Number of protein chains: 2
Amino acid sequence: MGKYLITGFSGFVSRHFLDYLESNKINSEVLGVDLLTPHFQTDSYSHVQCSFEKVDLLDKNQVDNLIYQFQPTYILHLASFSSVAFSWKDPIKSFKNNTNIFLNLLEKVRGLDLDCRILSIGSSEGYGNVTFEELPLKENHDLKPVSPYAVARVSQELLSRVYVDGYNMDIVITRSFNHIGTYQREIFAVSSFIKQFVQAKKNGKNEVELMTGDTSVVRDFLDVRDVVSAYYMLFDRGKKGEIYNVCSGHGVSLKDVIDLIALKLDMGVSVSVNERYLRPQDNRAMIGSNEKIKLEIGWSSTIPLEKSIEDMVAYWNSVL
Amino acid sequence: MGKYLITGFSGFVSRHFLDYLESNKINSEVLGVDLLTPHFQTDSYSHVQCSFEKVDLLDKNQVDNLIYQFQPTYILHLASFSSVAFSWKDPIKSFKNNTNIFLNLLEKVRGLDLDCRILSIGSSEGYGNVTFEELPLKENHDLKPVSPYAVARVSQELLSRVYVDGYNMDIVITRSFNHIGTYQREIFAVSSFIKQFVQAKKNGKNEVELMTGDTSVVRDFLDVRDVVSAYYMLFDRGKKGEIYNVCSGHGVSLKDVIDLIALKLDMGVSVSVNERYLRPQDNRAMIGSNEKIKLEIGWSSTIPLEKSIEDMVAYWNSVL
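What you see is a predicted model, and the numbers here were worked out from it, not measured in a lab.

How each quantity is defined
- Residues numbered from 1 in each chain as written.
- Chains lettered and ligands numbered in written order.
- Predicted model: local features only at pLDDT ≥ 70, side-chain atom pairs only at ≥ 80, totals over all residues.
- Heavy atoms only, no water.
- Helix = DSSP H or I, 4+ residues; strand = E, 2+ residues; numbered from the N terminus.
- Rg over C-alpha atoms; globule rule 2.2 N^0.38 Å.
- Buried < 20%, exposed > 50% of the residue type's maximum accessible area, 1.4 Å probe, protein only.
- Contact = heavy atoms within 4.5 Å.
- Lys, Arg positive; Asp, Glu negative; His and termini not counted.
- Charge placed at Lys NZ, Arg CZ, Asp CG, Glu CD.
- Pairing = 2+ DSSP bridges.
- Axes fitted to C-alpha atoms, helices over the stretch in contact; angles between N-to-C directions.
- Least-squares fit on C-alpha atoms with pLDDT ≥ 70 in both.
- Buried area = accessible area lost by both parts, 1.4 Å probe.
- Polar contact = N/O pair within 3.5 Å; in protein donor to acceptor, adjacent residues only side chain to side chain.
- Salt bridge = Lys/Arg side-chain N within 4 Å of Asp/Glu carboxyl O.
- Patch = residues over 30% accessible without salt bridge, like charges linked within 9 Å, V, L, I, M, F, W, Y side chains within 5 Å.
- Areas by Shrake-Rupley, 256 points an atom, 1.4 Å probe, with all protein chains shown as cover.
- Expected span 1.5 Å × (residues − 1).

## Observations regarding the overall build of chain A
Piece 1. On a plain count of helices and strands, chain A comes out with 10 helices and 13 strands.
Piece 2. Computed over its C-alpha atoms, the radius of gyration of chain A comes to 19 Å, within 12% of the 20 Å expected for a compact globule of 320 residues.
Piece 3. The buried share among the 320 residues of chain A stands at 58%.
Piece 4. When contacts within chain A are restricted to residue pairs at least 6 apart in sequence, long-range pairs at least 24 apart make up 80% of them.
Piece 5. Distance from the positive charge centre (34 side chains) to the negative charge centre (40 side chains) of chain A: 2 Å.

## Considerations on the sheet that holds strand S11 (residues 243-246) of chain B
Residues and elements named next belong to chain B.
Piece 1. The seven strands lie next to each other as S3-S2-S1-S4-S5-S6-S11, forming an open sheet whose pairing is parallel. In this open sheet, the two edge strands, each paired with only one partner strand, are strand S3 (48-54) and S11. Sheet twist, expressed as the mean angle between neighbouring strand axes with direction ignored, is 20°.
Piece 2. The sheet contact formed by strand S1 (residues 2-7) and strand S2 (residues 28-34) spans six bridges and is parallel. Its bridge partner being in S2, Leu5 is matched across the sheet by Leu31.

## Thoughts on the relation of the copies chain B and chain A
Piece 1. Once chain B has been moved 0.0 Å along the axis and rotated by 180°, it coincides with chain A to within an RMSD of 0.0 Å. What the superposition gives is, in effect, a two-fold axis relating one chain to the other. Across chain B, the rotation axis passes nearest the C-alpha of B:Ser155, at a separation of 2.9 Å.
Piece 2. Take the interface residues of chain B: 100% of them recur as interface residues in chain A, which is what a same-surface contact looks like.

## Digging into the interface of chain B and chain A
Piece 1. Facing the 31 residues of chain B at the interface are 31 residues of chain A.
Piece 2. Of the roughly 2400 Å² buried where chain B meets chain A, counting both sides, 72% is carbon and sulfur surface.
Piece 3. It is B:Ile92, B:Phe95 and B:Val162 in chain B that bury the most area against chain A; as a group they hold 22% of the surface buried on that side.
Piece 4. At the junction of chain B with chain A, the criterion picks out three residue pairs in polar contact (both at pLDDT 80 or more).
Piece 5. Of all the elements in the fold, those that place two or more residues in the side of chain B that touches chain A are helix H3 (84-89), helix H4 (91-112) and helix H5 (148-167) of chain B.

## Quick word on the pattern of salt bridges
Residues and elements named next belong to chain B.
Piece 1. Counted by the stated rule, this structure contains 30 salt bridges over all chains.
Piece 2. Between Asp64 and Lys60 there is a salt bridge; the shortest N-O distance is 2.7 Å. Taken together, the residues Asp64 and Lys60, both in helix H2 (residues 60-70) and four residues apart, mark about one turn of the helix.
Piece 3. Overall, Asp64 belongs to the buried group, its relative accessible area being 17%.

## Some details on the environment of A:Phe17
All names here are of chain A.
Piece 1. Mapped onto the elements of the fold, Phe17 is located in helix H1 (residues 12-23).
Piece 2. Assessed through its relative accessible area of 0%, Phe17 is described here as buried.
Piece 3. Once the C-alpha coordinates of Phe17 and Val146 are considered, the two residues, 129 residues apart in sequence, prove to be 30 Å apart.
Piece 4. Contact partners of Phe17, with chain neighbours within four places excluded, come to Tyr4, Ile6, Leu76, Val228, Tyr231, Tyr232 and Phe235.

## Focus: a negative patch on the surface
Piece 1. Together, A:Glu133, A:Glu134, A:Asp142, B:Glu133, B:Glu134 and B:Asp142 make up a negatively charged patch on the protein surface.
Piece 2. By secondary structure assignment, the location of A:Glu133 is in the loop between strand S5 (117-123) and helix H5 (148-167).
Piece 3. A residue is classified by how much of its surface remains accessible, and A:Glu133, at 69% relative accessible area, is exposed.

## Focus: helix H1 (residues 12-23) of chain B
Residue and element names in this part refer to chain B.
Piece 1. The end-to-end C-alpha distance of H1 is 17 Å, a good match for the 16 Å that 12 residues give at a rise of 1.5 Å each.
Piece 2. Looking only at H1, the buried set comprises Phe12, Val13, Ser14, His16, Phe17, Leu18, Tyr20, Leu21 and Glu22.
Piece 3. The inward-facing, buried residues of H1 abut S1, S2, S3, strand S4 (74-77), strand S7 (179-180) and helix H7 (224-237).
Piece 4. Of the residues flanking the end of H1, it is Lys25, one or two places downstream, whose phi is positive at about 55°.

Rendered as C-alpha cells:
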C-alpha cells in the first residue's frame, strides 16, 4: 500500500488528489502536512487512511522527525507560496518557502536513503515571457523566469536534477500550468471572478463589476481533477529525472474566461483594470504542449473549460 | 567618493579589491562585512577609508541596519559558500547562504530606493557539464548547473534579472571562472597544492605526494588581480542587467597546473586520487570566452598563469 506524504495539504490540489485515490479505489495511507489546518474532513474516505499534522517545513527538525516517522514511499510536494502576485510583494518570503522547504525534504530522504519517489511540482511560470510564435511550449524550451516566484520554481527544478544525477534520488518533475477547480481560493483570478459573479447573482443583480489586472494575458487552464490524475500517473509511470508539462494544450485569455462565466450565468459584466492587480512584468501568453506526458505516460485531459466553470459556479453557489 | 559595501570581506578577493583601489589611487570609502574577522589590517591604506563590521547577512534585521546606516553607492557581493565540494556535503547550508543573503541585500536596497549599483558575482559553474566542442563558453550559452552550489549561483543570477527588469534595480552580473592568487585559502585546489609543495620543500624534501580529486578536469584560471580589475571596471562601465564572463579564455588541466608548480620549484611529484576529493559529478572542462567584457568594457587580463603560481609560491613561503 502506497504511503503518500502530501505537503501543502490544506490547499485545493491535495483535496482533489484524495478524491482521486478514493474514487479510483486506490488503497493508500496519506499523511498531510501544512501550517494551516485543512477545511475538509480527513476521515471520510474508505480507501484512504488519511491523517493530518501541523508542521512547519521550514524547520529542519520538524521535517526530519516527520519523514523518519512516516517513512513515505511517495512525496507529493505541493507546499508553496503559489501566488505570483505575492512574490512581487514579499520576494524573500516567497523564495524561501519555495526552495528551503524542498531542500529540507530532499536532504532527509537522502539521509535515510529511503526508497521514495518525490514529485517536484514546478510551474509553467519558469518559461517566462515568450512570444506567440514559441507556443505551445515544450519541455526543452529555454527557461527565463520573470518573477521571484518563477525563479524559485526554476531553482527547485534545477535542484531536483542535481539530486537525481548527483545523489541518484528518485524525483519526477512537473511544470504545471494554471489550475482551476472547486475549492480553489479566491486569491486566484478565475476562482475570484466566479465568486463575485455568484455573489452578485445571489444579491439579485444581473450584472457584475469586476476589478482586474491585465485580462488580455493568455493562460493554459487545466481542471484540477486532470492535474491530480497526471500526478498520480507520474508517481506510477513517470521517468526519474524527467520533466513533464501538465497542461491542457489550449490557451484562453482571462477576458474570454470572464465572458464564458457571464454566458454561463446569463449575466452582464463590466471590467475595470485596477493598478493594484498589475504586476511589474508578466508573461503575455502561456500555452503548454502536453505531447510528452500523453505519449510517455498515457495521460490525457478529460474536462473542458466549460465544465470546470460550471462546477466552480456550483461550488461557490453551495458555500456563499 | 564611492562608498563600497563589500560582503564576504574576509576572503581573498576583497583584499585584492582594496589593493586595487589603493594602488590606482581611487579615493573611496569601504565598509567590509563578514561573519569572520579578516586576517589583514584595514587601516593601512591612504586612499581607502576602510572599516569592518561583523554581520550575519542571513539576519534580515542586521542587513537592514547595515544598508540604512552606510547607504552604499556600490555593493560588491562576494559573500558566499564558494566551495563546490562543501555544497555536496551540506547542500542546505550552501544554498541558503548563496541565495537568502543576496535577497536580503536586494530587498533593503529596493526598500530604500537607493541609487546603488550591485555587482552580483556568479560562477562559471552554472554552465554545467559541457562538451569540449562547446568551448569557449559565451554568455548566451545554456545553463545546466550540476552541483547544489551551481544551482544557487544560477538562482542568484535569475533573481538579479528579475530585480533589474521588474524593479528597475541597477545590477550587473558576472560569471566568474576559477580564481587563483595570494591569500587564497587552501580549501581551493591550486592554493592547497602550492602550500603542500612549499611545505615539503621547507622540510627538505625534493618530492611531494599529493592526494587529489580528479586532476584531468580542465579549468580557466584567472589571477585574482585581474578578477578585481574586472569588477572595478564593471562597476564603472558595465551595463545594467547584463551578464559578463570574467575569465582568462584559456583552459588548463589540474594535472598541468601541478606540473607547472613542480617545474617552478624544481621538485618531483606523485599524485594519488583520494575518494574523499571526488564529487558525485563534476564539469569536465570549463573555459570561458572573455570577448564580451573585452569589447564592451575594455578589460583584459594581464597576468599569465606562471606569474600567478610564482607569486603564490612566494606567498606560501612567507607564511609557512
